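# Tertiary structure, described
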Amino acid sequence: MRTPVFLLIWLVIAAAVFAGAVFAGNDYVFFAGYVVMQYVVLSTAWNILGGYCGYVNFGSAAFFALGAYSTVAIYKFYPLPIPLLLVVGGAVSGLVGFGMGYLTLRLRGAFFAIATLALAVVLETLVVNWDYVGGSRGAYIVRPEEIYPFGNYVRYLFLIMMGLAVGAITVARLIERSRLGYGFATIRDDELAAEACGVPTLQLKLIATTISGALMGMAGAPFPYYIGYLQPSSTFGLEYAVNSIAMPLIGGTTSWVGPLVGAVLLGSLQQIATVTISSAVNLLIVGCLLVGFVIVAPNGIIGLVHKYFQRKPDDFVGRRRVDPDAPEAVP
Amino acid sequence: MIFSFDLLINAVVSGVLIGGFYAAVTCGVSISFGILDIVNIAHPAFIILGSYVAYIFNITFGIDPIVVAIVMTPAFYLLGTAIYQVYYLSFEKRGQESLRGLAFFFGVLFITEVTLVLYFGVDYRYVEAPYIGPTLHFRMLDIPLRILVPFLVSLLLIAVLQLILTRTFIGRAIMAVSQDQLALRLLAVDPVRIKRIAFGISIATASLAGAFLIIIQPVEPSVGREYIGRVFAICVLGGMGSLPGTVIAAMLIGIVESLTSTFYGPSWAPAVSFGFLLLTLAVRPAGLLGR
């Protein structure tokens, strides 16, 4: 399928979802749907680096919060329209992603993971000490009630996030099928061999971190308008990091389908659990699902589906990957 | 701020003392990450678990937290070996430790934290012991006993670990497993067994570190998170897997953090370790005493 056709199909699906939500006649659908769409973007973004290149980013919350706080910083100066804020948030997060990658990606993979974990703590420290964006007290953003021609503002936010989700999926699929995607796959499967074959691994890894960081920042940019009151400890919350890792791993990391499936399933489940049980329990569910899936089903739901239909997951994506049942390597 | 000599001396001394405690917190990671190459980012969660175990026994039976921690080390050791077994069978054996193994530990970190929140809530918990409260005074120097006692026991712990690693057969095998597993096999030593033991020891230290933590400061479940960056910064700065390096790096970071919070304010202290981490990775990835 060619990319414009693919994009068109998803735009039609998105329009149908929006029409269905309007038809449901309850604005809570938009509130909940926004969060699910936000997770689609976050997990797709995480997967571009984590799933395609095999580098784990624990700092999704940091990139997300960077996007959110660049919005706050701009809002305090002059409230720009949200599409512009997306661009700014994406640029800031992308730049930070590039810088982080440049410092740590030349070393072993684990260092990058640890550095991203620490990045969240440090950025939180910076924001807490930065009074302009509210410091530890947090910042208020007054959201307009209505916006022409979308009517209710939450609908507008939902539409933006859904558009972003479609964009992220399209980018992920585009990468997957391009030269870039094959380069990423070589890094994931055997970085040393790739390097030896002349694949510019550092350059590719930097491209992946920048794209992934930028998408996460874009997901965060409209967040202050959605939440109305932005506070460091919740914006840098661990749940963004754990969700954006759990969703692709539960869905399946080899293609764009996995993060989408994982985010929609897990995101909806969490929305329901938050309302019916409690938010702490729903985080526990995510944690247990994550651990369970990485142990029992390393290829996620997509892997399970393909096992069920007696096809190797590889055929579907058209790319070779390491056989999970390979004989034991000499330890 | 007016420069004050008293303040400087006190900041440096308390930095050294806190650094000793940081060394105890980090030595487990030095073993698992430095020697075994297992990126156990859930280590701070086990430390918090240790804090809560000490808390429960201290509150219900009034036992000294350090005694509780020493008694509980075998339980933590067994927990560690069990976790390594799962990790080995699910990830190391299949060669998937880089992506899914990391996600596994992240999940374990998350589950431990949320479970503690569900059981104990997010209230700060603290313990009772005779040495919590009094302070030693030497001229202009103030040393709170609640920091001095963990410092001394931490140094003891590191010394014992260093002796085990350099003098016993198991310890030497642990050092060898990081260098050449095949050679170890030729000596009829099972590397997986050695790694299991080493990982057990690394988690066992979390029991003690947890008790120290709750002696020094009140603990709530998410406190562990701010130790993740610090612990790995110390481990990398000290030179992966070198215990003497860990102690030096821990004291260095302790002193710098203490100076930062004395002269710039405590809200900046968490950024120190990250700065050190990035600096080390950029300038000298092998660390201070790296092999």
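Predicted model, so just to flag it, every value in this text is computed and none were measured. (Residues numbered from 1 in each chain as written. Chains lettered and ligands numbered in written order. Predicted model: local features only at pLDDT ≥ 70, side-chain atom pairs only at ≥ 80, totals over all residues. Heavy atoms only, no water.)

## Some remarks on the overall build of chain B
In plain terms, the rule: Runs of E in the DSSP output that reach at least two residues are strands. Runs of H or I that reach at least four are helices, and both are numbered from the N terminus. Put simply, the radius of gyration uses C-alpha atoms, and a globule should come to 2.2 Å times the residue count raised to 0.38. Only protein chains enter the accessibility calculation, which uses a 1.4 Å probe; a residue is then buried when its area is under 20% of its type maximum, exposed when over 50%, and partly exposed in between. Each accessible area is a Shrake-Rupley estimate made with a 1.4 Å probe; only the visible protein chains count as cover when residues are assessed. In this count, Lys and Arg are taken as positive residues and Asp and Glu as negative ones, while His and the chain termini are left out. Taken as the charge centre is NZ of Lys, CZ of Arg, CG of Asp or CD of Glu, depending on the residue.
For chain B, the helix and strand inventory stands at eleven helices and two strands. The linear arrangement of helices and strands in chain B, starting from the amino end, is α-α-α-α-β-β-α-α-α-α-α-α-α. Taking 2.2 N^0.38 as the reference for a compact globule, 291 residues should give roughly 19 Å; the C-alpha atoms of chain B span a radius of gyration of 19 Å, in line with that estimate. With the C-alpha coordinates of chain B rotated into their principal frame, the extents come out at 60 × 45 × 35 Å. By the burial criterion, 57% of the 291 residues in chain B qualify as buried. Of the roughly 11,700 Å² of accessible surface on chain B, a fraction of 69% belongs to carbon and sulfur atoms. Averaged over its 16 positive side-chain charges, chain B has a centre that lies 11 Å from the centre of its 14 negative ones.

## Regarding the overall build of chain A
Just so we agree on the cut-off: Note on contacts: a residue pair qualifies if any of its non-hydrogen atoms lie within 4.5 Å across the two residues.
A count of helices and strands for chain A gives 16 helices and four strands. Taken over C-alpha atoms, the radius of gyration comes to 20 Å for chain A, in line with the 20 Å a tight globule of 331 residues would show. C-alpha atoms of chain A, sized along the principal axes, occupy 60 × 45 × 40 Å. When the 331 residues of chain A are sorted by exposure, 56% land in the buried category. Excluding contacts between residues fewer than 6 apart, the proportion of contacts in chain A whose partners are at least 24 apart in sequence is 78%. For chain A, the accessible area works out to roughly 13,800 Å², and carbon and sulfur atoms hold 69% of it. Across chain A, the 18 positively charged side chains and the 16 negatively charged ones have centroids separated by 5 Å.

## A closer look at the interface of chain A and chain B
The test is simple: Definition used for salt bridges: Asp or Glu carboxyl oxygen within 4 Å of a side-chain nitrogen of Lys or Arg. Polar contact is the term for a pair of N or O atoms within 3.5 Å; when the atoms are in protein, one must be able to donate a hydrogen and the other to accept it, and sequence-neighboring residues count only if both atoms are side-chain atoms.
Across the boundary between the two partners, chain A contributes 47 residues, which contact 45 residues of chain B. Here chain A is connected to chain B by zero salt bridges. The tally of links between chain A and chain B comes to three residue pairs in polar contact (both at pLDDT 80 or more). Those elements that provide at least two residues to the side of chain A that touches chain B are helix 2 (28–53), helix 4 (82–104), helix 5 (109–128), helix 12 (238–251) and helix 14 (279–296) of chain A.

## Here's the deal with the pairing of strand 1 (residues 135–138) of chain B
Residues and elements named next belong to chain B. As a reminder, the rule being used: Pairing between strands is defined by DSSP: at least two bridges between the two strands are required.
Pairing of strand 1 with strand 2 (residues 141–144) involves four bridges; the strand directions are antiparallel. Pairing of Leu136 across the sheet is with Ile143, part of strand 2. Hairpin connection between strand 1 and strand 2: a loop of two residues separates the two successive antiparallel strands, and Arg139 in this loop has a positive phi of roughly 45°.

## As for the confidence of the model for chain B
We apply this condition: A score from 0 to 100, pLDDT tells how confident the predictor is in each residue.
A residue-level look at chain B finds 98% of positions with pLDDT of 70 or above and a mean pLDDT of 88. Interface confidence in the predicted complex, given as ipTM, is 0.83; pTM for the same model is 0.86.

## Section: the packing of helix 9 (residues 225–238) of chain B against helix 10 (residues 243–263) of chain B
Residues and elements named next belong to chain B. Quick note on the threshold: Comment: axis = line fitted to C-alpha atoms, over the contacting stretch for helices; angle = value between 0 and 180 degrees taken between N-to-C directions. Relative orientations are named as follows: roughly parallel for angles under 35 degrees, roughly antiparallel for angles over 145 degrees, roughly perpendicular for angles from 65 to 115 degrees, and oblique for any other angle. For any pair of crossing helices, the crossing counts as left-handed if the nearer helix is rotated counterclockwise from the farther one by less than a right angle, and right-handed if it is rotated clockwise. Think of it as three bins: nonpolar holds Ala, Val, Leu, Ile, Met, Phe, Trp, Tyr, Cys and Pro, charged holds Asp, Glu, Lys and Arg, and polar takes everything else, Gly as well.
Where helix 9 contacts helix 10, the axes come no closer than 8 Å and their chain directions differ by 125°. In terms of orientation, helix 9 lies oblique with respect to helix 10. Considering how the two elements wind past one another, helix 9 and helix 10 form a crossing that is right-handed. Two secondary-structure elements touch here, helix 9 through Arg230, Ala233, Ile234, Leu237 and Gly238 and helix 10 through Gly245, Thr246, Ala249, Ala250, Leu252, Ile253 and Glu257. Its residues assigned to classes, the contact of helix 9 with helix 10 shows seven nonpolar, three polar and two charged.

## Some remarks on a nonpolar patch on the surface
Our working rule: Exposure above 30% relative accessible area and the lack of any salt bridge qualify a residue for a patch; like charges then connect within 9 Å, and the nonpolar side chains Val, Leu, Ile, Met, Phe, Trp and Tyr within 5 Å.
Together, Met1, Val5, Ile9, Ile13 and Val17 of chain A make up an exposed nonpolar region whose accessible area comes to about 410 Å². Mapped onto the elements of the fold, Met1 of chain A is located in the segment before helix 1 (3–24).

## What to know about the state of the cysteines
Just so we agree on the cut-off: Throughout, disulfides are identified as pairs of cysteine sulfur atoms within 2.5 Å of each other.
For the structure shown, the criterion picks out zero disulfides over all chains. Note on Cys235 of chain B: no disulfide assigned, nearest cysteine sulfur contributed by Cys27 of chain B at a separation of 10 Å.

## Here we look at the packing of aromatic side chains
Defined as follows: Ring geometry is summarised as follows: Phe, Tyr and Trp rings, the Trp one being its six-membered ring, pair when their centres sit within 6.5 Å, and such pairs are stacked at plane angles under 30 degrees, edge-to-face over 60 and tilted between the two. Placement of a charge over a ring requires the Lys NZ or Arg CZ to be within 6 Å of the ring centre, with the centre-to-atom vector within 35 degrees of the ring normal.
Following the criterion strictly, the structure yields 40 aromatic pairs over all chains and no others. With a centroid separation of 6.1 Å and 85° between ring planes, the pair formed by Tyr75 of chain A and Tyr225 of chain A is classed as edge-to-face. Of this pair, Tyr75 of chain A sits in helix 3 (residues 60–77) while Tyr225 of chain A sits in helix 10 (residues 223–227); the two residues are 150 residues apart in sequence, bridging distant segments of the chain. In this structure, Tyr75 of chain A and Tyr225 of chain A share a single accessibility class: buried. For Arg173 of chain A, the ring lying beneath its charged end belongs to Phe6 of chain A, and the centroid distance is 4.2 Å. A cation over an aromatic ring shows up here: Arg230 of chain B above the ring of Tyr227 of chain B, its NZ or CZ 4.8 Å from the ring centre.

## Section: helix 11 (residues 270–283) of chain B
Heads up, the condition is: Given the number of residues in a helix, its expected span is that number minus one, multiplied by 1.5 Å.
Between the first and last C-alpha of helix 11 of chain B there are 21 Å, a value that for 14 residues agrees with the 20 Å anticipated at 1.5 Å per step. Of the positions making up helix 11 of chain B, those classed as buried are Ala271, Val272, Ser273, Phe274, Phe276, Leu277, Leu278, Thr280 and Leu281 of chain B.

## Quick word on the packing of helix 1 (residues 5–35) of chain B against helix 9 of chain B
Residues and elements named next belong to chain B. The contact between helix 1 and helix 9 brings their axes to 9 Å, and the two run at 70°. Taken together, the axes of helix 1 and helix 9 lie roughly perpendicular to each other. Considering only the axes of helix 1 and helix 9, their crossing is right-handed. Contact residues: helix 1 offers Phe21, Tyr22, Val25, Thr26, Val29, Ser30, Phe33 and Gly34, while helix 9 offers Tyr227, Arg230, Val231, Phe232, Ile234, Cys235 and Val236. A class-by-class count of the residues in the contact of helix 1 with helix 9 yields eleven nonpolar, three polar and one charged.

## Examining helix 4 of chain A
For helix 4 of chain A, with 23 residues, the first-to-last C-alpha span of 32 Å sits near the 33 Å given by 1.5 Å per residue. For helix 4 of chain A, the set of buried residues is Ile82, Leu85, Leu86, Gly89, Gly90, Ser93, Gly94, Gly97, Met100, Gly101 and Thr104 of chain A.

## Describing the nonpolar core
Put simply, the test is: In this text, buried Ala, Val, Leu, Ile, Met, Phe, Trp, Tyr and Cys residues form a nonpolar core when linked through side-chain atoms within 4.5 Å.
The biggest cluster of nonpolar side chains holds 214 residues, and the ones touching the most others in it are Phe58 and Trp256 of chain A together with Phe33, Phe104, Phe105, Phe106 and Phe232 of chain B. Here this core gets 16 residues from one element, more than from any other, and that element is helix 8 (residues 191–216) of chain B. Leave out the neighbours within four places in its chain, and Phe105 of chain B touches Ile38, Val39, Asn40, Ile41, Ala42, Ile83, Tyr87 and Phe199 of chain B.

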